[in-house]
Amino acid sequence: MSRDRVSVWVPATSANLGVGFDCLGLALTLGNRFTFERAEESSFSGCEPRFANPGNLAYTTYLEASRALGVKPSPVALSCETGIPLSGGLGSSSTCIVAGIAAAHAFAGVEVDRRRLVELASEREGHPDNVAPAVLGGLTSSFTTGDGEVVCMEAPVSDAWRFVAVCPPYEVRTEDARRVMPPSVPLATAVWQMGRVAATCHALETGDGELLAKACDDRLHEPYRRPLIAHYDRCRAACLGAGASAFWISGSGSTMMAACLGDARAAAVGAAAQRVDPGLRTFALSCCTDGTSIR
Ligand SMILES: Nc1ncnc2c1ncn2[C@@H]1O[C@H](COP(=O)(O)OP(=O)(O)OP(=O)(O)O)[C@@H](O)[C@H]1O
Ligand SMILES: N[C@@H](CCO)C(=O)O
């Protein structure tokens, strides 16, 4: 049944988790809500002024997804409640894409299950590592087959983990962070990564801080991207020194993430990051198990 109003909440996500470049992602207890309502003409509210226009990614995705369904998109009043900082690295663009696709299906009266939503959103985003956890929740590992099928596996995350997001007051754009990476890597680097991806997932599932500390050491993208984040080296030293088990660039940055066991350590790690620079925003988060909610 087609609807006149749909409200979509999509969680923030941390992609890569250090060693799982373009494969691993984690949904977090922070999110963006987008409410679409049929209207005489389109309008935009609640978002940053630079997004309050027809170039808004949630809106452009809604238009494209409607046309892909063979439907003429209706004008909408789009209202945004965005809790995710725009420094980049917390999957903000994925929240827009997932919401736009979900809204187009709701207005067209076409059922879309979670797997299909991941597939459509991955096509639009270019890789599934943010959209898979954003839709499904939890920790996901995903890949695209040679035929273009997106395969996702969901894994539980131990309740003991807290994820302290450290957000600088500047953005790193994903396309810029991808441009600095080399097009190929030596076999030794590929081998270095593979064992560590499996161990990182296991450590997150079981709450094993020592294993995560050993495993979460990336050589694929972080060495090239660190120079784009002026605070990286100081924050890494401060967060690990305050008891974080691991520290990674969240997605393509500039947000950084410290994985900690328990609330007390998360508080100490957040305080240590703030001492590096009070201009850094910190959020102590947990894993969001439920993913996207559409109502
Ligand atoms: N809340 C939002 N409202 C409208 N557009 C947004 C919003 N958040 C992100 N975008 C769009 O996405 C772009 C940022 O995408 P980018 O992939 O660089 O960041 P990200 O999704 O935060 O990072 P990452 O994919 O590393 O987690 C912005 O320039 C804007 O076009
Ligand atoms: N896996 C992606 C996440 C950011 O969209 C990257 O690191 O470029």
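The rules we used
Residues numbered from 1 in each chain as written. Chains lettered and ligands numbered in written order. Predicted model: local features only at pLDDT ≥ 70, side-chain atom pairs only at ≥ 80, totals over all residues. Heavy atoms only, no water. Helix = DSSP H or I, 4+ residues; strand = E, 2+ residues; numbered from the N terminus. Rg over C-alpha atoms; globule rule 2.2 N^0.38 Å. Buried < 20%, exposed > 50% of the residue type's maximum accessible area, 1.4 Å probe, protein only. Contact = heavy atoms within 4.5 Å. Areas by Shrake-Rupley, 256 points an atom, 1.4 Å probe, with all protein chains shown as cover. Near = heavy atom within 4 Å. Polar contact = N/O pair within 3.5 Å; in protein donor to acceptor, adjacent residues only side chain to side chain. 1 Å grid on protein atoms, 1.4 Å probe; cavity = no way out; pocket = protein on both sides within 12 Å on 5 of 7 lines; lining within 4 Å. Sits in = over half its atoms within 2 Å of the grid points. Domains from an automatic or database assignment. Nonpolar A, V, L, I, M, F, W, Y, C, P; charged D, E, K, R; others polar. Points joined across faces, edges and corners; volume = space filled by probe spheres on them. Patch = residues over 30% accessible without salt bridge, like charges linked within 9 Å, V, L, I, M, F, W, Y side chains within 5 Å. Salt bridge = Lys/Arg side-chain N within 4 Å of Asp/Glu carboxyl O. UniProt positions renumbered as here; feature names shortened; annotations may be inferred.

(A) Local environment of the overall build of the chain. When you go through the chain residue by residue, the secondary structure sums to 10 helices and 11 strands. For a compact globule of 295 residues, the expected C-alpha radius of gyration is about 19 Å, and the chain comes in at 19 Å, within 12% of that figure. Each principal axis of the C-alpha atoms in the chain carries an extent, and together these give about 55 × 45 × 35 Å. By the burial criterion, 54% of the 295 residues in the chain qualify as buried. Considering only contacts in the chain between residues 6 or more positions apart, those separated by 24 or more positions represent 74%. Accessible area of the chain: about 12700 Å², with a carbon and sulfur share of 52%.

(B) Seen up close, the site of ligand 1. What surrounds ligand 1 is a group of 17 residues, the closest being Gly91, Ser92, Ser93, Thr174 and Ser252. Ser252 is positioned such that a nitrogen or oxygen atom in its side chain is 2.9 Å from an oxygen atom of ligand 1. Here ligand 1, which alone exposes 640 Å², has 84% of that area covered by the protein. Mapping ligand 1 onto the cavity grids shows that it belongs to the largest pocket. Element by element, the count of residues in the shell around ligand 1 is highest for helix H2 (residues 92-108), at three residues. In this structure, the shell around ligand 1 is formed jointly by two domains, domain 1 (5-155) and domain 2 (161-285), each of which donates at least three residues.

(C) Layout of the site of ligand 2. If you check the shell around ligand 2, you find Ala15, Asn16, Phe21, Asp22, His127, Asp129, Asn130, Thr174, Arg178, Arg225, Gly251 and Ser252 and nothing else. Note that an oxygen atom of ligand 2 is positioned 2.8 Å from one of the side-chain N or O atoms of Asn16. The side chain of Arg178 places a nitrogen or oxygen atom 2.6 Å from an oxygen atom of ligand 2. Comparing atom positions with the cavity grids shows ligand 2 to sit within the largest pocket. Looking at the shell around ligand 2 residue by residue, the classes come out as two nonpolar, six polar and four charged.

(D) Inspection of the layout of surface pockets at higher detail. The computed volume of the largest pocket comes to approximately 820 Å³. Around the largest pocket, the lining comprises 39 residues; the ones closest to its centre are Leu57, Gly88, Ser92, Ser93 and Thr174. For the lining of the largest pocket, the secondary-structure elements that each account for two or more residues are strand S2 (24-38), H2 and helix H5 (174-179). Its residues assigned to classes, the lining of the largest pocket shows 12 nonpolar, 17 polar and 10 charged.

(E) Representation of a nonpolar patch on the surface. Taken together, Val180, Tyr224 and Leu228 make up a surface patch of nonpolar side chains, about 220 Å² in accessible area. Within the element layout of this structure, Leu228 appears in the loop between helix H8 (222-225) and helix H9 (232-241). The exposure class assigned to Leu228 is partly exposed, which follows from its relative accessible area of 33%.

(F) Layout of the UniProt feature "binding site: ATP" (unreviewed entry) in the chain. Under the local residue numbering, the UniProt record ascribes the feature "binding site: ATP" (unreviewed entry) to Pro85, Leu86, Ser87, Gly88, Gly89, Leu90, Gly91, Ser92, Ser93, Ser94 and Thr95. As for the lining of the largest pocket, the annotated residues named previously contribute Pro85, Leu86, Ser87, Gly88, Gly89, Leu90, Gly91, Ser92 and Ser93. Tracing the backbone through its elements, the reader meets Leu86 in the loop between strand S4 (76-82) and H2. On the accessibility criterion, Leu86 (30% relative accessible area) is partly exposed. If we ignore the near neighbours within four places in the chain, the residues touching Leu86 are Glu48, Arg50, Phe51, Ser92 and Glu171. Inspection of the secondary structure assignment puts Ser92 in helix H2. Classification of Ser92 by relative accessible area gives buried; the value is 17%.

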